[in-house]
Amino acid sequence: MSQSSLRNRQPFLPVDRGEVAEMMGSRFGIPSEAFEAVSFFRRGRNIWAFSLEDIPDLDYEALGLRFISIRGRVPKPTTYALQLFGRFATKNAVDLSDGEARRFIAGERQQLWAPVEDGYVVVSYRGDVLGCGLYSRGDLISQLPKERRIEGKDMEGFSEGSQGCGR
Amino acid sequence: MGVGDRDHSSIRRLGIYPRNADCAVMDGLARYAGVIPEFDRFVEAIYRPLPVTARINALKTDRDRLLSRLKVAEVACRPFAWYPWGMRMGTDKPGNLVENLMGHIHIQEEISMVCAVVLDPRPGERVLDLCAAPGSKTTQIAMMMENRGLLVANDPANGRVASLRSNCERAGAINVAVTRYDGRRFPAQKFDRVLVDVPCTGQGMARKDPAVLGRWSLKRSLGIQRLQVALLKRGVEVVKPGGTVVYSTCTFAPEENEAVVSRVLDQVRGLSLQEVCVPDLQGSPGLSEVGGSAFGEEMKRCARYYPHQNDTGGFFVAKLVKE
């Protein structure tokens with residue numbers, strides 16, 4: 001047995017949906033109904049979102065998607081959680097301009113004034129959610145996973161006119 | 001043209017085939033001269049690069065919204081005639097699109113989208129993808145299930161499971177549970193549908209990686225056949241009565257296609273082979289016999305998709321139903 005399969009002997013334990021909905025509601029104003037069809041489980045320092053409450057008895061590597069990381073002092077929603085549910089946010093959400101989005105996608109930290117509280121924020125671009133940012137004293141720090149980041153020069157799909165914007 | 005006259009054995013030793021070589025004399029393709037319709041067009045097509053294609057991920061966006069986003073970004077795209085969620089794209093690096101980062105599109109070869117369509121999973125069902133990594137078909141199935149029910153995505157290889165997990169997360173698939181069993185010994189469970197998209201010699205991928213043709217040999221096809229049979233047998237064992245099993249490969253070798261399906265039909269009772277037919281997608285029937293081996297008339301119900309028919313890669317699909 002490899003190391004990773006031994007680690008997976010740790011079970012997925014059910015987490016009360018209300019608890020997760022409360023976390024997402026108090027920070028982002030996402031209504032609890034958004035999570036009605038989702039069940040939550042905890043394994044290690046992650047809360048996972050899955051489609052079913054009852055899971056067949058198998059040895060799982062992953063169950064749905066990692067939803068909230070509870071590693072740090074404050075629970076951090078994952079990029080993928082916000083990409084799915086961030087559109088329901090009514091607060092602590094920012095929509096970026098072309099130039100700001102380019103920097104966020106490249107994984108950078110940037111100065112940005114936004115009407116949000118310090119902490120994790122939903123970051124979107126042209127109305128669609130890019131992922132999670134950390135807002136701290138006027139700076140927005142990209143929380144995109146390193147393997148998802150795209151360097152400015154490689155970025156596709158930004159029209160020519162928008163490339164210099166915001167620099 | 002010179003290149004075509006080059007000593008065949010020296011080419012083989014180099015392990016690469018020159019682009020302009022006379023492909024028809026090469027190992028692995030010459031054997032299909034009497035089998036593949038319009039063989040000259042097939043040979044010509046297999047050395048053209050593959051069009052850039054992607055699938056719209058309805059778990060995270062809707063089709064009109066995505067198409068209008070791409071229009072604003074000045075990325076040309078044209079949906080397939082046969083499948084509204086798939087499209088050709090006018091960009092060399094779709095992986096660097098913001099829409100890819102957001103999981104609104106998934107880069108996937110056109111013809112590989114066919115097996116989920118044939119599998120036809122429904123929301124709320126229990127589905128198994130026995131050889132799932134890297135997860136293109138898995139995320140397509142998750143999308144067709146509308147993120148409901150259970151989709152077990154299995155793959156034994158540790159490295160490949162990493163890409164599978166990553167693709168499922170980016171797609172926003174919350175109905176996918178990833179396991180790492182040897183597919184031949186997947187634990188006893190009952191599924192409504194099972195996809196058995198087996199490891200194969202990958203000749204149909206030649207347009208992406210011409211080296212696959214150089215690696216092919218009859219010995220390799222026969223060597224992998226035992227694994228393919230065992231995986232398909234396990235697939236039909238874990239499906240419920242009335243359930244569907246789809247078997248697919250991306251190779252042309254009948255040893256890995258019709259031979260596998262016919263052997264499993266012989267060995268497992270109560271299976272029937274159903275006609276594979278995808279409207280508006282050109283394909284050829286499976287082979288009932290080739291080179292002295294008879295697989296049975298019913299093999300014509302399987303589908304073979306050749307690169308020159310739809311300007312895609314190559315593929316084989318069979319659909320079995322358990323009584």
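Structural notes, computed from the coordinates. Note that the coordinates shown come from a computational prediction; the quantities given were computed from them, not determined experimentally. (Residues numbered from 1 in each chain as written. Chains lettered and ligands numbered in written order. Predicted model: local features only at pLDDT ≥ 70, side-chain atom pairs only at ≥ 80, totals over all residues. Heavy atoms only, no water.)

Further remarks concern the overall build of chain B. Helix and strand counts for chain B stand at 11 helices and 15 strands. Relative to the compact-globule value of 20 Å for 323 residues, chain B shows a C-alpha radius of gyration of 20 Å, a close match. Dimensions of chain B along its principal axes, counting C-alpha atoms only, are 55 × 55 × 35 Å. For chain B, the residues scored as buried account for 59% of the 323 residues in total. Look at the contacts in chain B between residues 6 or more apart in sequence, and 73% of them connect residues 24 or more apart. With an accessible surface of roughly 12800 Å², chain B has 49% of that area assigned to carbon and sulfur atoms. (Helix = DSSP H or I, 4+ residues; strand = E, 2+ residues; numbered from the N terminus. Rg over C-alpha atoms; globule rule 2.2 N^0.38 Å. Buried < 20%, exposed > 50% of the residue type's maximum accessible area, 1.4 Å probe, protein only. Contact = heavy atoms within 4.5 Å. Areas by Shrake-Rupley, 256 points an atom, 1.4 Å probe, with all protein chains shown as cover.)

What follows covers the packing of aromatic side chains. Residue and element names in this part refer to chain A. Applying the stated criterion across every chain, the model contains 17 aromatic pairs over all chains. With 6.1 Å between their ring centres and 65° between their planes, Phe 35 and Phe 40 make a pair best called edge-to-face. No difference in accessibility class separates Phe 35 from Phe 40, as the two residues are buried. Members of the aromatic cluster, each reached through a chain of ring pairs, are Phe 35, Phe 40, Phe 67, Phe 85 and Phe 88. (Phe/Tyr/Trp six-rings, centres within 6.5 Å; stacked < 30°, edge-to-face > 60°.)

To continue, consider the sheet that holds strand β8 (residues 109-111) of chain A. All names here are of chain A. Taken in spatial order, the 5 strands of this open sheet run β7-β9-β10-β11-β8, and their pairing is mixed. Edge positions in the sheet fall to β7 (93-96) and β8, since each has one partner strand and no second. Averaged over all pairs of adjacent strands, the angle between their axes in this sheet comes to 35°, without regard to strand direction. (Pairing = 2+ DSSP bridges. Axes fitted to C-alpha atoms, helices over the stretch in contact; angles between N-to-C directions.)

Below, the discussion takes up the interface of chain A and chain B. With 39 residues of chain A at the interface, the matching set in chain B holds 42 residues. For the pair chain A and chain B, the summed buried surface comes to about 3500 Å²; carbon and sulfur atoms form 55% of the total. Our count for the chain A to chain B interface comes out at 4 salt bridges. Between Asp128(A) and Arg69(B) there is a salt bridge; the shortest N-O distance is 2.8 Å. Joining chain A to chain B, the criterion identifies 18 residue pairs in polar contact (both at pLDDT 80 or more). Here the side of chain A that touches chain B takes 4 residues from strand β4 (residues 60-63) of chain A, the largest share from any one element. (Buried area = accessible area lost by both parts, 1.4 Å probe. Salt bridge = Lys/Arg side-chain N within 4 Å of Asp/Glu carboxyl O. Polar contact = N/O pair within 3.5 Å; in protein donor to acceptor, adjacent residues only side chain to side chain.)

All names here are of chain B. Under the 1.5 Å per step criterion, the end-to-end length of helix α7 (residues 158-171) is 20 Å for 14 residues, consistent within 8% with the ideal 20 Å. All of the buried residues in α7 are Val 161, Leu 164, Asn 167, Cys 168, Glu 169, Arg 170 and Ala 171. Backbone geometry just after α7 places Gly 172 at a positive phi near 75°. (Expected span 1.5 Å × (residues − 1).)

Attention now goes to the layout of surface pockets. Residues and elements named next belong to chain B. Looking at the largest pocket, its volume works out to about 1100 Å³. If you trace the largest pocket, you find 47 residues lining it, with Pro 134, Lys 137, Arg 160, Met 205 and Cys 250 closest to the centre. Those elements giving two or more residues to the lining of the largest pocket turn out to be α6 (136-144), β8 (191-197), α8 (211-215) and α9 (218-237). (1 Å grid on protein atoms, 1.4 Å probe; cavity = no way out; pocket = protein on both sides within 12 Å on 5 of 7 lines; lining within 4 Å. Points joined across faces, edges and corners; volume = space filled by probe spheres on them.)

Let us now look at the pattern of salt bridges. All names here are of chain B. Per the stated rule, a full pass over the model turns up 27 salt bridges over all chains. In this structure, the salt-bridge partner of Lys 240 is Asp 192, at a minimum N-O distance of 3.0 Å. Remark: Asp 192 occurs in strand β8 and Lys 240 occurs in strand β9 (residues 239-249); sequence separation between them is 48 residues. Arg 234 is the partner of Glu 237 in a salt bridge, and the nearest nitrogen-oxygen pair spans 2.6 Å. Taken as a pair, Glu 237 and Arg 234 lie in helix α9 at a separation of 3 residues, close to a single helical turn.

What follows deals with the sheet that holds strand β3 (residues 86-89) of chain B. Adjacent strands of a sheet form backbone hydrogen bonds with each other and so pair up, either parallel or antiparallel. Residue and element names in this part refer to chain B. What the 4 strands build is an open sheet, ordered β2-β3-β1-β4; its pairing is antiparallel. Of all strands in the sheet, those with a lone pairing partner are β2 (77-79) and β4 (105-107), marking the two edges. Recorded for the sheet is a direction-independent mean angle of 35° between the axes of neighbouring strands. Pairing between strand β1 (residues 53-56) and β3: 3 bridges, direction antiparallel.

Between Ala133(B) and Pro134(B) the backbone carries a cis peptide bond, its omega angle lying at 0°. In this structure, Asn92(A) is a non-glycine residue whose phi angle is positive, near 50°. Here Asn92(A) shows up in the loop between α3 (79-85) and β7. One non-glycine residue with positive phi stands out, namely Asp280(B), at about 65°. Topologically, Asp280(B) is positioned in the loop between β10 (271-274) and β11 (284-285).

The next thing to look at is the state of the cysteines. Residue and element names in this part refer to chain B. In this structure the tally under the stated criterion is 0 disulfides over all chains. There is no disulfide at Cys 131, and the cysteine sulfur nearest it, in Cys 200, is 10 Å away. The class of Cys 131 is buried, set by a relative accessible area of 12%. Not engaged in a disulfide, the cysteine Cys 250 finds its nearest cysteine sulfur in Cys 200; these two sulfurs lie 3.5 Å apart. The class of Cys 250 is buried, set by a relative accessible area of 17%. (Disulfide = S-S within 2.5 Å.)

Moving on to α9(B). All names here are of chain B. With 20 residues, α9 should reach 28 Å at 1.5 Å per residue; the first-to-last C-alpha distance of 29 Å fits that figure. The axis of α9 is deflected most strongly, by about 30°, at Gln 225. Buried residues along α9 sit in contact with β8, β9, α10 (258-267), β10 and β15 (315-322). (Bend = angle between axes of the 7 residues up to and from the residue.)

Here the focus is the environment of Val127(B). All names here are of chain B. Mapped onto the elements of the fold, Val 127 is located in strand β5 (residues 126-129). Accessibility expressed as a relative area gives 0% for Val 127, which makes it buried. Distance in space between the C-alpha atoms of Val 127 and Thr 138 is 9.9 Å, their sequence separation being 11 residues. For Val 127, the residues in contact, after removing those within four places along its chain, are Leu 119, Pro 121, Ile 141, Met 145, Leu 150, Leu 151, Val 152, Phe 191 and Arg 193.

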